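# Residue-level structural notes
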Amino acid sequence: KSSPVFLVERDTPNFTYIKIEYEGFCPCALADGIAICGDPSLGVVRCGQRNFVLHNKAAVKEFMRNPSVFICAVERQAVQDNPALLYLLNLQHKSLSTLFPSDTNGMSTEIPADGGISGTRDASTETPLHFIEEHIDQSYEWNEWKLRRQALQIVDARRKSVET
């Protein structure tokens, strides 16, 4: 993997047209579970083909030290803990193998040269009549619109303030 590069507006042609990942949210804050918009005036950090904005200078320094830690934390959180973030961060189009290439559990993702056909064999399967669920996730949500609504609530929560 390539090392991160810091881009500033005055030294980068077409700076305003750079595609920013996570819809402009700061990956350091997202890794901590907070949705804070990044500040492009601080600069853009380019990691490979991906560009990120951060919310303050301390976050820029921290992200520049090891960006893969924050990127993995955000994307793992979006996939495993809070699927509503997939839509908020525009990650819904990416497959799990793209997000986590090392999580293939030793399975090869390459297609054999013969197209996967290597002879025939007999096999049989049996399907149980009544499946017994060992784990039922009570917070599972299949409705895409409800996930989008949750994402908007996450963003709206950062605008609220608490006074004591």
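Residues numbered from 1 in each chain as written. Predicted model: local features only at pLDDT ≥ 70, side-chain atom pairs only at ≥ 80, totals over all residues. Heavy atoms only, no water.

### So, the environment of C26
Our working definition: Numbering of helices and strands runs from the N terminus; a helix is a DSSP stretch of H or I covering at least four residues, while a strand is a stretch of E covering at least two. Exposure categories follow from relative accessible area, calculated using a 1.4 Å probe and restricted to protein chains: below 20% of the type maximum is buried, above 50% is exposed, and the middle band is partly exposed. Note on contacts: a residue pair is in contact if any heavy atoms of the two residues lie within 4.5 Å.
When you line up the elements, C26 lands in the loop between β1 (5-7) and α1 (27-31). Judged by relative accessible area, which is 0%, C26 ranks as buried. Measuring from C-alpha to C-alpha, the distance between C26 and A59 comes to 8.4 Å, with 33 residues separating the pair along the chain. Ignoring sequence-local partners within four residues, the contact set of C26 consists of I36, C37, G38, V53, L54, H55 and A59.

### Comments concerning the confidence of the model for the chain
This is how it is decided: Each residue gets a pLDDT score, which is the predictor's confidence in that residue and runs from 0 to 100.
Scored by pLDDT, the chain has a mean of 82; 82% of the residues are at 70 or more. Per-residue pLDDT stays below 50 along residues 107-116; that stretch engages in one contact with residues further than four places along the chain or on separate chains.

### Quick look at the packing of aromatic side chains
The condition is simple: Aromatic pairs are defined between Phe, Tyr and Trp rings, using the six-membered ring for Trp, whenever the two ring centres lie within 6.5 Å; interplanar angles under 30 degrees are classed as stacked, those over 60 as edge-to-face, and all others as tilted. The rule for a charge over a ring is simple: NZ of Lys or CZ of Arg within 6 Å of the ring centre, and within 35 degrees of the ring normal.
Within this structure, the stated rule accounts for three aromatic pairs. Residues Y22 and F52 carry aromatic rings whose centres are separated by 5.4 Å and whose planes lie at 55 degrees to one another, so their mutual orientation is tilted. Residue Y22 is located in the loop between β1 and α1, and its partner F52 is located in strand β3 (residues 50-52); the two are separated by 30 residues in the primary sequence. Neither Y22 nor F52 differs from the other in exposure class; each is buried. One aromatic cluster is present, built from ring pairs that chain together Y22, F52, F63 and F70. Positioned over the ring face of W145 is R148, at 5.0 Å from the centre of the ring.

### As for the sheet that holds strand β2 (residues 44-47)
Convention followed: Pairing between two strands is assigned when DSSP locates at least 2 bridges connecting them. In this analysis, axes come from line fits to C-alpha atoms, helices being fitted only over the stretch in contact, and the angle between any two N-to-C directions falls in the range 0 to 180 degrees.
Taken in spatial order, the three strands of this open sheet run β1-β2-β3, and their pairing is antiparallel. Two strands close off the open sheet at either side, each with one partner strand: β1 and β3. In this sheet, neighbouring strand axes are inclined to one another by 30 degrees on average, regardless of whether the strands run parallel or antiparallel. Judged from the three bridges that link them, β2 and β3 form a sheet pairing that is antiparallel. Bridging across to β3, V45 finds its partner in F52. Against the sheet, helix α2 (residues 57-65) engages β1, β2 and β3, with an angle of about 10 degrees to β2.

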